[in-house]
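What follows is each chain in one-letter form.
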Amino acid sequence: MVVIGGGIVGCSVAYHLTKLGGKDVLLLERRDISCGTTWHAAGLVGQLRATHNLTRLAKYGADLYEGLEAETGQATGFRRPGSISVARTAERMHELKRAASMARCFGVDVEVITPSEAGRRWPLMRTDDLVGAVWLPRDGRTNPIDTTRALARGAQLRGATIVEDTAVTAIHRRNGAVAGVSTTRGDVACEVIVNCAGMWARQLGQLAGVTVPLHASEHFYIVTDPMPGVTPDLPVLRDTDGHIYVREEVGGLLMGGFEPVAKPWGMEGIPDDFAFSLLPEDWDHFQVLMEQALVRIPALGTAPVRRHVNGPESFTPDGRYLLGEAPECRNFYVGAGFNSIGIASAAGAGKVLAEWIIAGEPPMDLWDVDIRRVAPFQANPRYLRDRTVEMVGVLYAMHWPFRQPETARGVRRSVLHDRLAARGACFGAVMGWERPNWYALPGMEPAYRYSFGRQNWFPCAAEEHRAVRDAVGLFDQSSFTKFRLEGPDAVTILQQLCANDVDVPPGRIVYTAMLNRRGGIEADLTVTRLAEDAYLIVTAAAASTHNAEWIRRHLGDARAVLTDVTSAYAVVSIMGPRSRTLLARLTNADLTNGRFPFGASREMWLASAPVRATRITYVGELGWELYVPTEFAPGVYDAIAIAGEDLGLRHAGYHAMDSLRMEKAYRSWGHDLGGEDTPLEAGLEFAVRWDKKIPFIGRDALLAQREQPLPRRLVVFTLEDPEPLLYHDESIWRDGELVGRITSGAYGHTLGRAVGMGYVAHPDGVSDAFVDSGRWELEIACERHRAHAQLTPPYDPKSLRVRG
Ligand SMILES: Cc1cc2nc3c(=O)[nH]c(=O)nc-3n(C[C@H](O)[C@H](O)[C@H](O)COP(=O)(O)OP(=O)(O)OC[C@H]3O[C@@H](n4cnc5c(N)ncnc54)[C@H](O)[C@@H]3O)c2cc1C
């Protein structure tokens, strides 16, 4: 196994590979251990992260670093002075409290404190303008170079070989998998490569045809001379509203930050000779951070600055790192793009990546950081550079629900985009696609006004939601990923991959999951049989790379070809009780229940176009998804818009769809479903066909699970109080005991309250009686709210409307 790159991430991967018993681990470093970005990091080891699993990994990191010196004999400089995050506004305080609630689920010590308590712990800080703070007594800081050396030492002690002054210059592939590397000192054959090349990882990925979308940016801090009142036990201070962090450094202060408009670097590639190097000082650019630091710590104004550090770090388009096996090349793994939290994240990332390599599958749900969430178009240097301007600041920006990137937009547009924009669409970005999230009401600007409460689009989504329930709504779902699988073996392959029975007559659509060997849900999709030997597979935009990889991985030498036909079809969904009336005005096809039942899919003439109409829904109403060849779509859309006018047709966006699907408890992959959740736990047994002639992958694991009481199950919650909102990651309490967390939430406009779904765990099993009894509460920003729990959908549980 060859690990490329001796930064903290590569050393952590080597450390954990050997800890798991991995043999023949060779780490190759171009120059010296830690010479890339690692050596000049500020060394903050915070534990609070944006999501549950990333927080879990960050906590593991702090715990590992604490014991590393005792284990390896190499000092790390790790200490736990704790950290304080302060809030200048009520909304920031709300964000901190939400994070605090989440962190407690993992046993991360966290306390909400007043400004004066914060001031007591950090005497040099001005506190009269603060709303509050959170205190994490176990947060740490470390010396990045020494910690990297300790990880390297740990790996060597268990048999890893570390070779410096050796750059990888070529990657060799055989039969779609890794075969070896060429280096400046000769060739090495290997079965596994781990690309931990930091900001060089994109260039290195290209050598293997692998997309690693990251871009370097300049990143700054200063260090002052010793200052009175600054002691080594001073906690790390984060004032994210001022974009800054501060910690003690040799009796002085180290102050750095995340400016809202950053300076991308290395547009022409990262120089080969860049080692223990820094970039030129830029005081003008640093000014925005300095001004804010003076607001918080007035004493900084008179402290002489000893060092100005400007070092490059790599950032990714969504601010999360890239981990896992690359979809383009078997056994080529990536651990890169750490967005300025690589020191804190390296331990956890290294551990799960090593486990992934040894087992050949991710050890837990890592979708947040999984490299299969990206697509090849994101390797475009221009896209990356434009997005990087924004991504540095995002780390400390408000993490508003539904926050949309402002840079690198308009990359992929539906053929209906301009028409929808003219109707007032406000777009959100997913996988580069611009998708209408909501439509502005008359007099409104189609632009987000963010908050943790009801955002400005709340009444818009409410009207769209009601139109779909009571009349008819139009959704542009062209961003759906669409594949054709064709060939004599297509049915056999799909029967192996799908938990449901897809050997249906042509003209039927089947909702199904694809499972891993553990029975976890790797993909959630619909499969339409087009002909004996042809299928249309439709899945979410965000899952396109992941699902294509999953299917291709299992094709082997089967006589079947998978083709991505996403761009060939626009998808217009017409949903609601009047959808039949509307479409009947444009087609001669018989749309009655007898001739066009739920689950049927037919080609027909609609207006002047050939269209595939499929009777299915994600919103819980009568409706059809129309697959329209792209060039016909504008004409079809125009005809529908006119035909629907007197029927109350409304354009509806993804926020309304979310609210509609939550009321119906339709699951969403990547949120409510993932590789760790089985269909039995997720309440999707109705989509499992146990008695298929060809057994599906994961069947044995499911059969074994079926014999036991289920230790965890997806439960649907509605809040009693109509006011609070649910997004995700709120904790679930039963009779005062923490039993789970919300995986997705939305406001249900028909129910008049927030709805959430989340997994509830109990060692003796989660029975129906367990769900029906007990006192349920959901914790939002450290406050608990009474909730009703059920296993069935709160809206139309018998699906009478869908079949109407
Ligand atoms: C100013 C600043 C402050 C920071 N502060 C913090 C902080 O407080 N906390 C925190 O968690 N993070 C912080 N970071 C981020 C952190 O430093 C990085 O995320 C982390 O060091 C990335 O580690 P890495 O191993 O991925 O990359 P690197 O350290 O860059 O390692 C990659 C290695 O790969 C080698 N390499 C490249 N190409 C090849 C090749 N072809 N063959 C062989 N070897 C190759 C390079 O020489 C390099 O040593 C900070 C970053 C900066 C710039």
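Please refer to the structure placed before this passage.
Definitions and cut-offs
- Residues numbered from 1 in each chain as written.
- Predicted model: local features only at pLDDT ≥ 70, side-chain atom pairs only at ≥ 80, totals over all residues.
- Heavy atoms only, no water.
- Helix = DSSP H or I, 4+ residues; strand = E, 2+ residues; numbered from the N terminus.
- Rg over C-alpha atoms; globule rule 2.2 N^0.38 Å.
- Buried < 20%, exposed > 50% of the residue type's maximum accessible area, 1.4 Å probe, protein only.
- Pairing = 2+ DSSP bridges.
- Near = heavy atom within 4 Å.
- Polar contact = N/O pair within 3.5 Å; in protein donor to acceptor, adjacent residues only side chain to side chain.
- Areas by Shrake-Rupley, 256 points an atom, 1.4 Å probe, with all protein chains shown as cover.
- Nonpolar A, V, L, I, M, F, W, Y, C, P; charged D, E, K, R; others polar.
- Expected span 1.5 Å × (residues − 1).
- Bend = angle between axes of the 7 residues up to and from the residue.
- Contact = heavy atoms within 4.5 Å.
- Phe/Tyr/Trp six-rings, centres within 6.5 Å; stacked < 30°, edge-to-face > 60°.
- Lys NZ or Arg CZ within 6 Å of the ring centre and 35° of its normal.
- Axes fitted to C-alpha atoms, helices over the stretch in contact; angles between N-to-C directions.
- Parallel < 35°, antiparallel > 145°, perpendicular 65-115°, else oblique.
- Salt bridge = Lys/Arg side-chain N within 4 Å of Asp/Glu carboxyl O.

Engineer: So what exactly am I meant to see when it comes to the overall build of the protein here?
Structural biologist: Looking only at helices and strands, the protein features 18 helices and 40 strands. Over its C-alpha trace the protein gives a radius of gyration of 27 Å, about what one expects of a compact globule, namely 28 Å for 804 residues. Dimensions of the protein, computed from C-alpha atoms along their principal axes, come out at roughly 80 × 60 × 55 Å. Looking at the protein residue by residue over its 804 residues, the buried ones come to 63%.

Engineer: What am I meant to see in the pairing of strand E31 (residues 601-606) here?
Structural biologist: As a general feature of sheets, a regular strand has side chains that alternate between the two faces. The sheet contact formed by E31 and strand E32 (residues 609-615) spans six bridges and is antiparallel. Of the residues in E32, the one forming a bridge with Glu 603 is Arg 612.

Engineer: So what exactly am I meant to see when it comes to the site of the ligand here?
Structural biologist: Neighbouring residues of the ligand: 37 residues in total, closest Glu 29, Thr 38, Leu 44, Glu 313 and Ala 344. In the model, an oxygen atom of the ligand is placed 3.3 Å from a nitrogen or oxygen of the Ile 8 main chain. One nitrogen or oxygen atom from the main chain of Val 168 is found 3.0 Å from a nitrogen atom belonging to the ligand. Coverage of the ligand by the protein chains reaches 97% of its 1,000 Å² of free accessible surface. Going through the elements one at a time, helix H1 (8-19), strand E13 (215-224), strand E18 (305-315) and helix H8 (342-359) are the ones with two or more residues in the shell around the ligand. Class assignment of the residues belonging to the shell around the ligand gives a composition of 20 nonpolar, 14 polar and three charged.

Engineer: Explanation requested: helix H7 (residues 283-296) in the structure shown.
Structural biologist: Structural remark: α-helix, 3.6 residues per turn; residues separated by three or four positions point the same way. Taking 1.5 Å of rise per residue, 14 residues should cover 20 Å, and H7 covers 19 Å from first to last C-alpha, within 8% of that figure. The largest bend in H7 amounts to roughly 35° and is located at Leu 289. On its buried face, H7 sits against strand E4 (83-87), E13, strand E14 (236-239), strand E15 (244-249), strand E16 (252-257) and E18.

Engineer: Can you walk me through the packing of aromatic side chains in this structure?
Structural biologist: Each aromatic ring pair is characterised by the separation of its centres together with the angle its planes make. Taken as a whole and judged by the stated rule, the model has 21 aromatic pairs. Note on Phe 402 and Tyr 727: the rings are 5.8 Å apart at their centroids and 80° apart in plane angle, and the pair reads as edge-to-face. Of this pair, Phe 402 sits in the loop between helix H9 (381-394) and strand E21 (412-413) while Tyr 727 sits in the loop between strand E35 (712-719) and strand E36 (731-734), placing them 325 residues apart in sequence. Of the residues examined, Phe 402 reaches a relative accessible area of 26% and is grouped as partly exposed. Ring centres 6.1 Å apart and planes at 85° place the aromatic pair Phe 770 and Trp 776 in the edge-to-face group. The residues Phe 770 and Trp 776 share a single accessibility class, namely buried. Among the aromatic side chains, those forming a connected cluster through ring pairs are Phe 220, Trp 283 and Phe 286. The ring of Tyr 15 has Arg 158 sitting right over it, with the charged end atom 4.6 Å from the ring centre.

Engineer: Quick question: what am I supposed to make of the packing of helix H2 (residues 52-72) against H8 here?
Structural biologist: Relative placement of two packed helices is described by the angle separating their axes and the distance separating the axes. Remark: H2 packs on H8, axes separated minimally by 7 Å, with the N-to-C direction vectors making an angle of 100°. Viewed along their axes, H2 and H8 adopt a mutual orientation that is roughly perpendicular. Touching Leu 57, Ala 58, Tyr 60, Gly 61, Leu 64 and Tyr 65 of H2 are Ile 343, Ala 344, Ala 346, Ala 347, Gly 348, Lys 351 and Val 352, all from H8. Across the contact of H2 with H8, the residue classes tally to 10 nonpolar, two polar and one charged.

Engineer: I'm lost on the pattern of salt bridges in this one. Help?
Structural biologist: Pairing of side chains with opposite charge becomes possible as their charged atoms draw close. Overall, the coordinates contain 59 salt bridges when judged by the stated rule. Among the ionic pairs, Asp 386 bridges to Arg 385, the shortest N-O distance being 3.2 Å. The partly exposed category is assigned to Asp 386, whose relative accessible area is 27%. Look at the salt bridges and you will find they share partners, linking Glu 325, Arg 330, Asp 370, Arg 372, Glu 549 and Arg 553 into a network.

Engineer: Could you clarify how one ought to interpret the environment of Ile 732 in this entry?
Structural biologist: Structurally, Ile 732 can be placed in strand E36. Placed 26 residues apart in sequence, Ile 732 and Gly 758 show a C-alpha to C-alpha distance of 7.9 Å.

Engineer: When you look at the packing of H1 against H2 in this model, what are you seeing that I'm missing?
Structural biologist: Interaxial distance between H1 and H2 falls to 14 Å at its minimum, and their mutual angle equals 75°. It follows that H1 is roughly perpendicular to H2 by the angle criterion. Touching Ile 8, Tyr 15, His 16 and Lys 19 of H1 are Tyr 60, Leu 64, Tyr 65, Leu 68 and Glu 71, all from H2. Partitioning the contact of H1 with H2 into residue classes produces six nonpolar, one polar and two charged.

Engineer: What's the story with the pairing of strand E37 (residues 737-748) in this structure? I'm lost.
Structural biologist: The buried count for E37 comes to nine of 12 residues, which makes it a mostly enclosed element. When E36 meets E37, the two strands line up antiparallel, connected through four bridges. Bridged to Ile 732 within E37 is Gly 740. Summarising the sheet, E37 and strand E38 (residues 753-761) pair through eight bridges and their orientation is antiparallel. Residue Arg 741 lies in a different strand from E38, and its bridge partner there is Tyr 759. Here E37 folds back onto E38, and the loop between the two strands holds four residues, one of which, Gly 752, carries a positive phi near 75°.

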